[in-house]
Amino acid sequence: MNYSSNRKNQQRRDQSRLNLYYRVLATIVIVVVLRLVYIQIIVREKYAVLAEKQYLQEVRLDPVRGTIYDRRMRPLAINVPTVSIGVYPQRISNPAATARKLSRILGVSSSTLQAKMRRDRKFGYLVRREARHTGLLVEALGLKGISIIKENGRKYPMGEVGSQILGFMDADGHGISGIEKKLEPLLFGVPGHAVKHKTAVGNQYSFYHPDYPVHQAEPGGHVVLTIDAGIQSIAHRELRRTLQESNADSGVVVVMDPKTGEVLAMASEPGFNPNAYGKFAPSSYRLRAITDQFEAGSTFKLVTMAGLLNEGIYTPQDKIFCENGVWKVMGETIHDVHKYGSLSIHDVIVKSSNIGMAKAIKDQDKGIVYRYARDFGFGTRTGIGLEGEVNGQLRDMAEWSGFTPYAMAFGHEIAVTPIQMANMFCTIANGGILLTPYLVKEIQDAEGHVQERFRPRPVRRVIKVETANILKEMMADVVGEGTARKAQLEGLTVCGKTGTARMVRSGGGGYIKGQYVANFGGFFPKENPDVAIYVMIDNPKGSYMGGDVAAPCFRRIAQQIIYQRGVDVEAEEGKDLDLKFVQEDRRIVPNFVGFNRSAAVQMAGDLKIELAITGRHGVIVEQHPRAGAEISIPATVKLVCKEGPSDEVRHVVPRVTGLPIRNALNVLAAEGITAVVNGSGKVVSQQPPPGRRTNPGDQVLLVCESSVDLRKLLIF
């Protein structure tokens, strides 16, 4: 009985446990089903997004940056293929060993590289935009967690020439100074985007997802500057020479076309190389022509004289007594370098008498000095369109002391910039019309079609043509028999004016003892000026007079500009040039190879040489006679113009040894070949050699050397 009862109790307990098991199992199934319904139906979209984030990655496709050209379509800023080396620290088992291996290739200390491999970072860059062969060397190491990313880098073929105008870019490929920054939206283009599918090992290995379209980037537009690369090179070279010879701190040269307001060159020294800007002091990035202000001294006398002549107050023959070199007025003393007695208004400018200019406005409306200074553009930005331009300083007449108009008459108590002074000389040269200086000649789209062409922009007529002609006569005598004899040019009449001023303390508070600004501005030829040059030298040691320091620099630049119109002066050349004028019936054949058809036609037109061109588009790849040959005119030069071929065909490597970098790049581009450049100057060797056929995507290595003796360019 007891046994039967115990057995039944045991069966009931077992059944109870089984029922509980089934109930728990059913509950779990119901919960799972409900959870699946919740996930698959109610919050499906949320989890789908989370899943996509785990295996899909949207990446930005950077556009190809536009090229910057000079006025003759010579490239000043171009794109070159580069690589960046990235790191995924969490995949590196031995950071120290990895850093040691990479250090030898990247030229970066192993401790610096190891610091960039911190475990708390998912990804980081070790170096940016290095040469492609660096990527090949890193790839050969086979290091886990190291990524090689192909990118376009920026190359400036002319190095320091025009560097402050062009500016440079940061590591992410955005312009941060100069034209690169000013026209960043145009040059950069429009980024694209694509979706990549990540593999099990993550970002390091991924591929484009076929279900998502790739939105290609839109390449940037091109910029054509008014700058002439040859003249810009001359300006830099002669400015460096002047700074070295005078042991000066810095200097500026501005070259302009006075008829249009186009800036042909704008050089500031000390300069920097935008290809390695990190090795130079930030002060060298400054475009001093628009950022630096100073008292102009006697060059400003032209402004005062322009007002007095234009108002009909004086004629060139009127006399002024110059107090034998010392004149006290309004509690101040004005001195002349020489003890002049009575001078004509004409000779006040020629001999640069401070007293003569001050006495000329003594009994006149003092507002004349202010009005003409303002009308010539002083005290306000010129509108050249570059960031960093300052106004200078032209105080309102309400802030003047009694001595201010006398001081301003000969260029004191007013702060000017080099570009303002250059524009003042242009205004006199073109007959009295103030123009807005400009640096950008054309804007082109990615295919090279002109989207916008800039024209001269008159601001106002400042003086009458008759007044400008009187000033030209005075300025011609300044160079011919006055203070600027060292600016004379053989066979041409130069109009110019010297200036010397004491250096003003930063923030005011008087002058710095023993420090001066020497400057000279001028233009030529007198009757129909087409070149204006302004030179400013900051703190020359020894002789500090504008006629001794700045005028010789003007002359050397002018001589070479004249010579360049017969021979294309290459920017990398360091040779002493034969500055004799090209005889009327003889010409030296310039180098046409590497230029486009329109630039070649323009060069030939300047020389009055006929061209026979085979081919309608592309760049010049052959010429006969060769560059440097002497010919008698009339003469014909035969050129072969070639377009770039299809990217899908094999190309024959042309011979580019002996050509300057920019010409070599153009010739290779005509063949559809890109290049990697090592060095600067002219091409001394190339790999592969001429005649070799390349596959699509192959590149040519150009090894270049400069003919400039760098020791001659050092400033101590």
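Residues numbered from 1 in each chain as written. Predicted model: local features only at pLDDT ≥ 70, side-chain atom pairs only at ≥ 80, totals over all residues. Heavy atoms only, no water.

1. Digging into unusual backbone geometry
Note the following rule: Labels follow the DSSP assignment, with helices taken as runs of H or I lasting at least four residues and strands as runs of E lasting at least two, numbered in each case from the N terminus.
Omega for the bond connecting E269 with P270 falls within 30 degrees of zero, at 0°, which places this linkage in the cis form. Mapped onto the secondary structure, P270 falls in the loop between β10 (262–269) and α10 (288–291). The peptide bond linking F524 to P525 adopts the cis configuration, its omega dihedral lying at -15°. Positive phi, normally seen in glycine, also occurs at N324, with a value near 55°. Within the fold, N324 resides in the loop between β11 (319–321) and β12 (326–329).

2. As for the environment of Q164
Keep this limit in mind: Contacts described as polar in this section are N or O atom pairs within 3.5 Å, which, within protein, must combine one atom able to donate a hydrogen with one able to accept it, while residues neighboring in sequence count only if both atoms come from side chains.
Along the chain, Q164 falls in helix α6 (residues 163–166). Here the side chain of Q164 touches S163 through a polar contact of 3.5 Å, side chain to side chain. A distance of 3.1 Å separates a polar atom in the side chain of Q164 from the backbone oxygen of S268.

3. Considering the sheet that holds strand β9 (residues 250–257)
How we decide: Note: two strands are recorded as paired if DSSP finds a minimum of 2 bridges between them. In this description, a line fitted to the C-alpha atoms serves as the axis of each element, helices being fitted only across the stretch in contact, and the angle between N-to-C directions of two axes falls anywhere from 0 to 180 degrees.
Spatial strand order, β10-β9-β21-β20-β19: five strands in an open sheet with antiparallel pairing. Edge positions in the sheet fall to β10 and β19 (495–504), since each has one partner strand and no second. This sheet shows a mean twist of 10° between the axes of neighbouring strands, independent of strand direction. Examined bridge by bridge, strand β20 (residues 511–524) and strand β21 (residues 531–538) share eight bridges and lie antiparallel to one another.

4. Overview of the packing of helix α11 (residues 301–310) against helix α14 (residues 367–375)
Formally: Geometric relationships in this document are graded by angle, where less than 35 degrees denotes roughly parallel, more than 145 denotes roughly antiparallel, 65 to 115 denotes roughly perpendicular, and other angles denote oblique. Take the far helix as your reference; a near helix turned counterclockwise from it by less than a right angle gives a left-handed crossing, and one turned clockwise gives a right-handed crossing. Residue contacts are defined here by distance: any two heavy atoms, one from each residue, within 4.5 Å place the two residues in contact.
Packing of α11 against α14 brings their axes to within 9 Å, and their N-to-C directions diverge by 110°. On the basis of the axis angle, α11 is roughly perpendicular to α14. As α11 runs across α14, the sense of the crossing is right-handed. Only I368, V369, Y372 and A373 of α14 make contact with α11, whose side of the interface consists of V303, T304, A306, G307, L308 and N310.

5. A look at the nonpolar core
Basically, it comes down to this: Here, nonpolar core means buried Ala, Val, Leu, Ile, Met, Phe, Trp, Tyr and Cys residues that are tied together by side-chain atoms lying within 4.5 Å of each other. Relative accessibility thresholds used throughout: buried, under 20% of the residue-type maximum; exposed, over 50%; partly exposed, between the two (1.4 Å probe, protein chains only).
In this structure, L225, V253, M266 and I533 are the most contacted members of the largest nonpolar core, which totals 129 residues. Setting aside chain neighbours within four positions, we find M266 in contact with I165, I227, Q232, V253, V254, L287, A289, I290, I384, I419 and L439. In this structure, V80, V621, L659 and L702 belong to the second largest nonpolar core, which totals 19 residues.

6. A closer look at the side chain of T242
Here T242 lies in helix α9 (residues 229–246). By relative accessible area, which is 3% here, T242 ends up buried. Ignoring any residue separated from it by four or fewer positions in sequence, one finds T242 in contact with I537, V549, C553 and R556.

7. Here we look at the side chain of K526
Relative to the assigned elements, K526 resides in the loop between β20 and β21. Once residues within four sequence positions are removed from consideration, K526 is found in contact with K472, E473, A476, T493 and C495.

8. Focus on the pattern of salt bridges
Between side chains of opposite charge, pairing is possible as soon as their charged atoms come close. Note the cut-off: Salt bridge, as applied in this entry: a Lys or Arg side-chain nitrogen positioned within 4 Å of an Asp or Glu carboxyl oxygen.
Counted according to the given criterion, the structure contains 28 salt bridges. R240 serves as the salt-bridge partner of E269, at 3.5 Å between the closest nitrogen and oxygen. On the criterion of sequence distance, the pair formed by E269 in strand β10 and R240 in helix α9 is long-range, its members being 29 residues apart. We classify R240 as buried; its relative accessible area is 12%. Of the charged contacts, one joins K359 and E323 as a salt bridge, the two residues approaching to 2.6 Å between their closest N and O atoms. Highlighted residues: K359 in helix α13 (residues 354–360) and E323 in the loop between β11 and β12, separated in sequence by 36 residues.

9. Looking at the packing of helix α16 (residues 418–429) against helix α17 (residues 465–481)
The following threshold applies: Basically, the charged four are Asp, Glu, Lys and Arg, the nonpolar ten are Ala, Val, Leu, Ile, Met, Phe, Trp, Tyr, Cys and Pro, and anything else, Gly included, counts as polar.
Where α16 meets α17, the closest approach of the two axes is 8 Å, and the angle between their N-to-C directions is 115°. The angle between α16 and α17 places the two elements in the roughly perpendicular class. Contacts from F425, I428 and A429 of α16 reach α17 at A468, L471, K472 and M475. Taken together, the residues of the contact of α16 with α17 sort by class into six nonpolar, no polar and one charged.

10. A short note on the packing of aromatic side chains
Think of a pair of aromatic rings as described by two things: how far the centres are apart, and how the planes are tilted against each other in angle. Heads up, the rule is: Note on aromatic pairs: the rings of Phe, Tyr and Trp (six-membered ring only in Trp) are paired at centre separations within 6.5 Å, and the planes decide the class, stacked below 30 degrees, edge-to-face beyond 60, tilted for the rest.
The final tally for this structure, using the stated rule, is 17 aromatic pairs. The interplanar angle of 65° and the centroid separation of 4.9 Å between the aromatic rings of F168 and Y285 together place this pair among those described as edge-to-face. Here F168, found in the loop between α6 and α7 (178–182), pairs with Y285, found in the loop between β10 and α10; they are 117 residues apart in sequence, far enough to count as distant. Using a relative accessible area of 4% as the deciding quantity, one classes F168 as buried. Three or more aromatic residues joined by ring pairs form one cluster here, namely F168, F272, Y277, F280 and Y285.

11. A word on the sheet that holds strand β23 (residues 610–614)
Strand order in this open sheet of three strands is β23-β26-β24, and the pairing throughout is mixed. Strand pairing shows two members of the sheet lacking a second neighbour, β23 and β24 (619–624), which therefore form its edges. Here the average twist between neighbouring strands, direction ignored, is 30°. Note that β24 and strand β26 (residues 636–642) share five bridges and pair antiparallel. Bridging from a neighbouring strand, I620 pairs with C641 of β26.

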